[in-house]
Amino acid sequence: YSVGRESPQWRMFGDVALFSTMAIPIAWLALETLILPSDSPWKDFATDAIVVAEAISLTGAMNTVFKFAFRRPRPIRYADVDVPLPIFDSELSVPSGHTALVAAATTTLTTTFWLRHPDSPARFAVLGAGLLVTGLTAFSRIESGQHFFTDVMVGALIGGFAGFAVPYIHRKDIP
């Protein structure tokens with residue numbers, strides 16, 4: 001399905017989703033830190049920012065390891081092998097970095113929201129928005145011919161894992 005596909009609009013959507021989901025969790029958690037009663041709002045915000053940065057960094061590291069471990073070519077390589085790609089990373093397909101990073105950012109925000117507001121009905125809206133943005137980003141990477149379905153699934157799993165594990169470990173009382 002991905003081979004031979006090319007959609008500049010979906011490619012742009014994936015890029016916009018990636019860059020906006022890097023900023024949205026930080027902005028949301030900053031506003032929440034200022035609104036919620038706290039003795040040290042700046043410390044709380046710094047902790048939240050570190051959690052987001054750790055989840056994104058862990059995702060980026062796992063993404064790089066997987067790309068070089070699998071070394072799967074992108075869909076364009078199955079259609080036209082003679083087209084030179086600008087950087088070596090553009091040659092590697094699995095996992096989808098865009099999908100992984102968007103999943104990490106949205107899952108980090110969702111997990112933090114669920115841990116902070118366990119009884120809030122808004123947590124389902126946050127979960128739904130995170131799933132929607134991650135799903136649309138994954139779809140955009142397939143529609144634009146950048147990745148295969150399995151690439152975006154592996155990316156979503158990697159990002160979802162890091163986005164859940166990092167905030168959970170930070171918030172859980174572990175001796």
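Residues numbered from 1 in each chain as written. Predicted model: local features only at pLDDT ≥ 70, side-chain atom pairs only at ≥ 80, totals over all residues. Heavy atoms only, no water.

Caption draft 1: Expanded view of the packing of aromatic side chains. Considering all chains together, one arrives at six aromatic pairs under this definition. The interplanar angle of 50° and the centroid separation of 5.8 Å between the aromatic rings of Phe 66 and Phe 70 together place this pair among those described as tilted. Separated by four residues within a single helix, Phe 66 and Phe 70 lie in helix α2 (residues 41–70), roughly one turn from each other. Accessibility expressed as a relative area gives 29% for Phe 66, which makes it partly exposed. When the centroid spacing of 5.2 Å and the interplanar angle of 80° are considered together, the rings of Trp 114 and Phe 124 count as edge-to-face. (Phe/Tyr/Trp six-rings, centres within 6.5 Å; stacked < 30°, edge-to-face > 60°. Helix = DSSP H or I, 4+ residues; strand = E, 2+ residues; numbered from the N terminus. Buried < 20%, exposed > 50% of the residue type's maximum accessible area, 1.4 Å probe, protein only.)

Caption draft 2: The environment of Gly 145, seen in detail. Secondary-structure assignment places Gly 145 in the loop between α5 (122–143) and α6 (149–171). For the pair Gly 145 and Arg 5, spaced 140 residues apart in sequence, the C-alpha to C-alpha distance is 4.6 Å. Once residues lying within four places of it in the same chain are set aside, the contact partners of Gly 145 are Ser 2, Arg 5, Pro 75 and Ile 76. (Contact = heavy atoms within 4.5 Å.)

Caption draft 3: Quick peek at a nonpolar patch on the surface. Taken together, the side chains of Leu 115, Phe 164, Tyr 168 and Ile 169 present a nonpolar region at the surface, about 370 Å² in accessible area. With three residues, α6 is the largest single contributor of residues to the nonpolar patch. (Patch = residues over 30% accessible without salt bridge, like charges linked within 9 Å, V, L, I, M, F, W, Y side chains within 5 Å. Areas by Shrake-Rupley, 256 points an atom, 1.4 Å probe, with all protein chains shown as cover. Salt bridge = Lys/Arg side-chain N within 4 Å of Asp/Glu carboxyl O.)

Caption draft 4: Geometry of helix α1 (residues 8–35). The first and last C-alpha atoms of α1 sit 40 Å apart over 28 residues, in line with the 40 Å expected at 1.5 Å per residue. The sharpest bend along α1 measures roughly 25° and falls at Thr 21, with the proline Pro 25 sitting one to four residues further on. Residues Gly 14, Ala 17, Leu 18, Thr 21, Pro 25, Leu 29, Glu 32 and Thr 33 constitute the buried set of α1. As for α1, its buried residues are in contact with α2, α4 (97–116) and α5. (Expected span 1.5 Å × (residues − 1). Bend = angle between axes of the 7 residues up to and from the residue.)

Caption draft 5: Structural view of unusual backbone geometry. Following Val 94, the chain continues to Pro 95 via a peptide bond in cis, the omega torsion being -5°. Tracing the backbone through its elements, the reader meets Pro 95 in the loop between α3 (76–79) and α4. Phi at Arg 71 takes a positive value of approximately 50°, unusual for a residue other than glycine. Within the secondary structure, Arg 71 is located in the loop between α2 and α3.

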